[in-house]
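One letter stands for each residue in the lines below.
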Amino acid sequence: MEISQIQVDGYERVARCRDEATGLHALIAIHDTTLGPALGGMRMLPYVSEDEALFDVLRLSRGMTYKSAIAETGLGGGKSVIIGDPKTMKSPDLFRAMGRFIDDMRGRYITAEDMNIGIPDLEYVKETTRWVVGLSRESGSSGNPSPYTARGCVHGVRATLEEIHGTDTFEGRRILIQGVGAVGGQLAIYLKEEGAQVLICDINQEKVDALVADHGFEGVPDEGHYKIECDVYAPCARGAGINDETIPALRCRAVAGCANNQLLEPRHAEALKDRGILYAPDYVINAGGIINVAMELAPNGYDEQVSLERIATIYDNLRQVFEIARTEDVNTREAAARLAELRIGHGRVEA
């Protein structure tokens, strides 16, 4: 196994791992540990190049710093990515090697599930490092964080509806969810239970058909879905879907979903503001999963009820972001960054 450093300004540590025996090619980015060790999930994708993977892991790890700061988890921000096809390259030895890579961070980085990584994969990672959270309940961990991410997003959508309509009721509100995997599918269920009219789409039509059959959602085509009129558009798949092509075509009052890095570029937050579309910053609204797994590190151990109470504060955090945006006349991305930097700054002073 060969571990090497990648120098990136503004990041505490960025490392590459190549392991010829298992085929592992992975990156870990630790952005900031002012508030505590860097916690962030592991994802596996067939990136076309290491540069593409590096771009992803850097954005994600920085987002985790801000996410944990606003959610007040007492943790910093980091992320890991494995470069490869999850359908063909997964193996126990590959994940054991990944565990050794994580262990080389000496506790400064703690991992959990993310895209294409499940609890069975992390069980192999746990064989070679203890810096893993989000494992099964049976193992004494908190389980898959996806339902908690979705639950937090419900609180965030409620805050968003209150901001755009003056009332937080879900009754009769049209909410379009793009991406109905582990998080988006659960979000759809929760929102329908709240009384919303839920529309769903996904590049995998089978997922849509199954959820429509089981829950009575309205399925819509994935291609051009962002042109559909709705109160809230909720991106819940891969990021960068809010861009120069989609923003002019959006017919929603707000964007509030679970996906990471929804904006292709930071300037797109201003473009949404110019169009009068409210944006719930992704790392604020999708913090439910990280809040839940962070509870495993609490002095008294994991307590689901305490976790759910903490997840409910996503509503308050978004209300605060929206207030900063209104009073300081900035876009909501900038407002969220100001709130995050304020809380990180408090951590530096206390240290």
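Since this is a predicted model, take the numbers as computed values, not measurements.

*Asks:* Could you clarify how one ought to interpret the nonpolar core in this entry?
*Replies:* Soluble globular proteins tend to pack their nonpolar side chains together in the buried interior. V157, I177, L187, L191 and I200 are the most contacted members of the largest nonpolar core, which totals 49 residues. Excluding residues within four positions of it along the chain, I177 makes contact with G184, L187, A188, L191, V198, L199, I200, C201, A234 and C236. Ranked by size, the runner-up nonpolar core spans 39 residues in total, among them A15, A71, W131 and I314.

*Asks:* When you look at the pattern of salt bridges in this model, what are you seeing that I'm missing?
*Replies:* Proximity of charged atoms lets side chains of opposite charge pair with each other. If you walk through the whole model with that rule in mind, you get 20 salt bridges. In this structure, D93 engages R96 in a salt bridge whose closest nitrogen and oxygen atoms are separated by 2.8 Å. Of the two residues, D93 and R96 are both situated in helix α2 (residues 92–103); the distance of 3 residues between them amounts to about one turn of the helix. The class of D93 is partly exposed, set by a relative accessible area of 45%. Of the charged contacts in the structure, one is a salt bridge between R158 and E194, with a shortest N-O distance of 3.1 Å. Pair noted here: R158 is in helix α4 (residues 146–165) and E194 is in the loop between α5 (182–193) and β9 (197–201), with a separation of 36 residues, a long-range link. Residue R158 is classed as partly exposed on the basis of its relative accessible area, which comes to 22%. On the basis of relative accessible area, E194 is assigned to the partly exposed category, the value being 27%. One network of salt bridges, in which partners are shared, links R43, D56, K79 and D114.

*Asks:* For this particular structure, what's the right way to read the packing of aromatic side chains?
*Replies:* Each aromatic ring pair is described using two quantities: the centre-to-centre distance and the angle formed by the ring planes. Within this structure, the stated rule accounts for 1 aromatic pair. Ring geometry for Y66 and Y283: centres 5.6 Å apart, planes at 70°, overall edge-to-face. Remark: Y283 occurs in helix α8 (residues 282–285) and Y66 occurs in helix α1 (residues 50–71); sequence separation between them is 217 residues. Assigned by exposure class, Y66 and Y283 land together as buried. In this arrangement the basic side chain of R151 is found over the ring face of Y190, its NZ or CZ atom lying 3.8 Å from the centre.

*Asks:* What exactly am I supposed to notice about unusual backbone geometry here?
*Replies:* In most cases, non-glycine residues show a negative phi, while peptide bonds are predominantly trans. The phi dihedral of R106 falls on the positive side, at around 55°, and the residue is not glycine. Among the structural elements, R106 can be located in the loop between α2 and β7 (109–110). Residue R106 is classed as exposed on the basis of its relative accessible area, which comes to 73%. Residues other than glycine seldom take positive phi values, yet D329 does so here, at roughly 50°. Of note, D329 is situated in the loop between α11 (313–328) and α12 (332–350). D329 sits in the exposed class, given a relative accessible area of 56%.

*Asks:* Just to check I follow, could you spell out the packing of α4 against α5 for this structure?
*Replies:* Two quantities define a packed helix pair, namely the angle between the axes and the distance from one axis to the other. The contact between α4 and α5 brings their axes to 8 Å, and the two run at 50°. In terms of orientation, α4 lies oblique with respect to α5. The chirality of how α4 crosses α5 is right-handed. Facing α4, whose interface residues are S146, P147, T149, A150, R151, C153, V154 and V157, α5 presents A182, V183, Q186, L187, Y190 and L191. Here the contact of α4 with α5 is composed, by residue class, of 10 nonpolar, 3 polar and 1 charged.

Definitions and cut-offs
- All residue numbers here refer to positions counted from 1 along the written sequence of the relevant chain.
- With pLDDT at 70 or above as the cut-off, local features in this predicted model cover only qualifying residues; side-chain atom pairs require 80 or more to be listed or tallied, and sums for whole chains, interfaces and linings still use all residues.
- To get the side-chain values, take all heavy atoms of the structure and skip hydrogens and water.
- Residues enter a nonpolar core if they are buried and are Ala, Val, Leu, Ile, Met, Phe, Trp, Tyr or Cys, with the set joined through side-chain atoms within 4.5 Å.
- Relative accessibility under 20% of the residue-type maximum defines a buried residue, over 50% an exposed one, and the middle range a partly exposed one, all with a 1.4 Å probe and only protein chains included.
- In what follows, a contact means two residues having at least one pair of non-hydrogen atoms within 4.5 Å.
- Put simply, a salt bridge is a Lys or Arg side-chain nitrogen that is within 4 Å of an Asp or Glu carboxyl oxygen.
- Starting at the N terminus, helices and strands are each numbered in turn, a helix being any DSSP run of H or I of at least four residues and a strand any DSSP run of E of at least two.
- The aromatic pairing rule takes the rings of Phe, Tyr and Trp, using the six-membered ring of Trp, and pairs them if the centres are within 6.5 Å, calling planes under 30 degrees apart stacked, those over 60 edge-to-face and the rest tilted.
- In our convention, an over-ring charge means Lys NZ or Arg CZ found within 6 Å of a ring centre and within 35 degrees of that ring's normal.
- Note on geometry: axes are C-alpha line fits, over the in-contact stretch for helices, and angles between N-to-C directions span 0 to 180 degrees.
- Angular relationships are summarised with four words: roughly parallel below 35 degrees, roughly antiparallel beyond 145, roughly perpendicular across 65 to 115, and oblique for the angles in between.
- It is the rotation of the near helix from the far one that decides the hand of a crossing: anticlockwise by less than a right angle makes it left-handed, clockwise makes it right-handed.
- In this classification, the charged set is Asp, Glu, Lys and Arg, the nonpolar set is Ala, Val, Leu, Ile, Met, Phe, Trp, Tyr, Cys and Pro, and all remaining amino acids, among them Gly, are polar.

Read these as spatial facts, not as claims about activity.
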